[in-house]
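# Structure assessment
Okay, here's what each chain looks like letter by letter:
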Amino acid sequence: MASTSPDAVNHNAPIRDALRDGFAEVLGASAVRSSPLELAEEAVAGFRPSLVVALGSVAVDAAPLRALARSVRRVGARLAFWLHDDPYEFDYGPKAETLADHVFTNDRWALPHYRHPSVSHLPLAACRRTHDRPVRPMAERSLDLFFCGAAFPNRIALLERAQGSLAGRRVEVRGAGWPAALPFAENTRLSPAAMADRASMARLTLAIGRDLDIANRRCQLPASTPGPRVFEAALAGAPQLCFAAGLEILDAFEEGREILLFDDVDEIAEAIARSHREPAAFEAMAERARARALDAHTYRHRAETILAVMAA
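A brief structural summary. (Residues numbered from 1 in each chain as written. Predicted model: local features only at pLDDT ≥ 70, side-chain atom pairs only at ≥ 80, totals over all residues. Heavy atoms only, no water.)

### Topic: the overall build of the chain
Tallying secondary structure elements over the chain gives eleven helices and eleven strands in all. Its C-alpha atoms give the chain a radius of gyration of 20 Å, within 12% of the compact-globule value 20 Å for 312 residues. In terms of overall dimensions, the chain has C-alpha extents of about 60 × 40 × 30 Å along its principal axes. Burial status across the chain gives 52% buried among its 312 residues. Across the chain, contacts joining residues at least 24 apart in sequence account for 70% of those joining residues at least 6 apart. Counting every atom, the chain has about 13500 Å² of accessible surface; 51% of that belongs to carbon and sulfur. Computed over 37 positive and 40 negative side-chain charges, the inter-centroid distance for the chain is 4 Å. (Helix = DSSP H or I, 4+ residues; strand = E, 2+ residues; numbered from the N terminus. Rg over C-alpha atoms; globule rule 2.2 N^0.38 Å. Buried < 20%, exposed > 50% of the residue type's maximum accessible area, 1.4 Å probe, protein only. Contact = heavy atoms within 4.5 Å. Areas by Shrake-Rupley, 256 points an atom, 1.4 Å probe, with all protein chains shown as cover. Lys, Arg positive; Asp, Glu negative; His and termini not counted. Charge placed at Lys NZ, Arg CZ, Asp CG, Glu CD.)

### What to know about the packing of aromatic side chains
Taken as a whole and judged by the stated rule, the model has five aromatic pairs. Seen in terms of ring centroids, F147 and W178 are 6.1 Å apart; in terms of plane orientation they differ by 85°. Their pairing is edge-to-face. Residue F147 is found in strand β6 (residues 143–148), and its partner W178 is found in the loop between β7 (171–174) and β8 (185–186); the two are separated by 31 residues along the sequence. W178 matches F147 in its accessibility class, with the two residues each being buried. Their ring planes at 35° and their centres at 5.9 Å tell us that F231 and F253 sit as a pair that is tilted. Residue F231 is found in helix α8 (residues 228–235), and its partner F253 is found in the loop between β10 (240–243) and β11 (260–262); the two are separated by 22 residues along the sequence. (Phe/Tyr/Trp six-rings, centres within 6.5 Å; stacked < 30°, edge-to-face > 60°.)

### Notes on the environment of H276
Turning to its location among the elements, H276 is positioned in helix α9 (residues 266–277). In this structure H276 comes out as partly exposed when scored by relative accessible area, which is 35%. Between the C-alpha atoms of H276 and D144, which are 132 residues apart in sequence, the distance is 9.1 Å. Dropping the residues within four chain positions of it, H276 is found in contact with D144, R169, R170 and R203.

### Regarding the sheet that holds β11
The parallel open sheet is built from six strands, whose spatial order is β8-β7-β6-β9-β10-β11. In the strand order of this sheet, the two ends are held by β8 and β11, each with one partner. With respect to the sheet, helix α7 (residues 192–200) is in contact with β6, β7 and β9 (202–207), its orientation differing from that of β6 by roughly 155°. (Pairing = 2+ DSSP bridges. Axes fitted to C-alpha atoms, helices over the stretch in contact; angles between N-to-C directions.)

### Things to note about the sheet that holds strand β2 (residues 51–56)
Pairing is parallel across the open sheet formed by five strands, whose spatial order is β1-β2-β3-β4-β5. Only two strands of the sheet have a single partner each, and these edge strands are β1 (2–3) and β5 (119–121). Pairing between β2 and strand β3 (residues 78–83): six bridges, direction parallel. Bridge assignment links L51 to a residue of β3, and that residue is R78. The sheet contacts of helix α1 (residues 13–27) involve β1, β2 and β3, and relative to β2 the element is tilted by about 145°.

### Let's talk about the nonpolar core
Nonpolar side chains tend toward joint burial in soluble globular proteins. One finds L145, L166, V173, W178, L206, L241 and I268 to be the most contacted residues of the largest nonpolar core, which totals 27 residues. Listed by contribution, the elements that provide at least two residues to this core are β6, α6 (153–162), β7, β9, β11, α9 and α10 (279–296). When residues in this core are grouped by element, the largest group, four residues, is from α6. When neighbours within four sequence positions are excluded, L206 is seen to be in contact with L145, F146, F147, L159, L241, F262 and I268. (Core = buried A, V, L, I, M, F, W, Y, C linked by side-chain atoms within 4.5 Å.)

### Things to note about the state of the cysteines
Evaluated as defined, the whole model comprises zero disulfides. The thiol sulfur of C148 is not disulfide-bonded, and the nearest other cysteine sulfur, from C242, lies at 15 Å. Under the relative-accessibility criterion, C242 is labelled buried at 1%. (Disulfide = S-S within 2.5 Å.)

### Topic: the pairing of β3
Taken across its six residues, β3 has five buried, putting it largely inside the fold. In this region the chain leaves β2, passes through helix α3 (residues 65–74) and returns to the parallel neighbour β3; the handedness of that crossover is right-handed. Inspection of the sheet shows β3 paired to strand β4 (residues 102–105) by four bridges, in the parallel sense. What sits directly across from F81, in β4, is V103. (Right-handed = clockwise from strand over helix to strand, strands pointing away.)

This is the structure we're talking about:
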């Protein structure tokens, strides 16, 4: 597999490594190679795979995707694109459609809007090597609330509204672009493993989707599928409080048993208070969510899906 943008601008390169691990679990390590886009042509020529999965964003105009496709054709392989920034970059999708044998989109609502004859919905997932943590007793958790992610406007607005009700709580927000007005936010990027460590130390981890389009003018699609952080935090043993922007998340986790949903900021403080009153219930919820992630939402499961679709 290869990335679809150069690693110098690709903040999601760890997903490529996670997917490589998933394929290795299914096929064996010797049957799998992964490469940054810059080295992909050489890697394809040397390894001569039967399938190449190009993973990521296709928004970088200078990315040599046509050259990658030519190298795949030369060795007689098939080329699948797994686009993981839909619907926010949906308008760039035709770049992949013109080159791919099959397109996988991370967002279910984007699926029917593609014009390619062979398209599937495939959410992102969690990596066992990177994210898996045992469920920590609530009494050992040093944080009341944790969130990790970029400071998109909807996330800033939500946490600004919640700020007053979180006074006195142990809150930690990490990422990029957070305003100084949020005293619990720090502009520090965490590695995927460090994110999992912090989530495992929190009584509650927030899941708040993104609301910032880069290229989504043609159809103006709303996002429907939860992002990878929901699966990653579940595997890290984190009880999660998920903003209910849509109900597709209930296809992955059961509300009340594996996750909690909220649609008003007052519910955040209420959920924290409940985690102190009912620690055993929150530990059990985290155990069930982790078990669900291990059973259905790791990159091994996504690799199995890709292989099944491409063999059909």
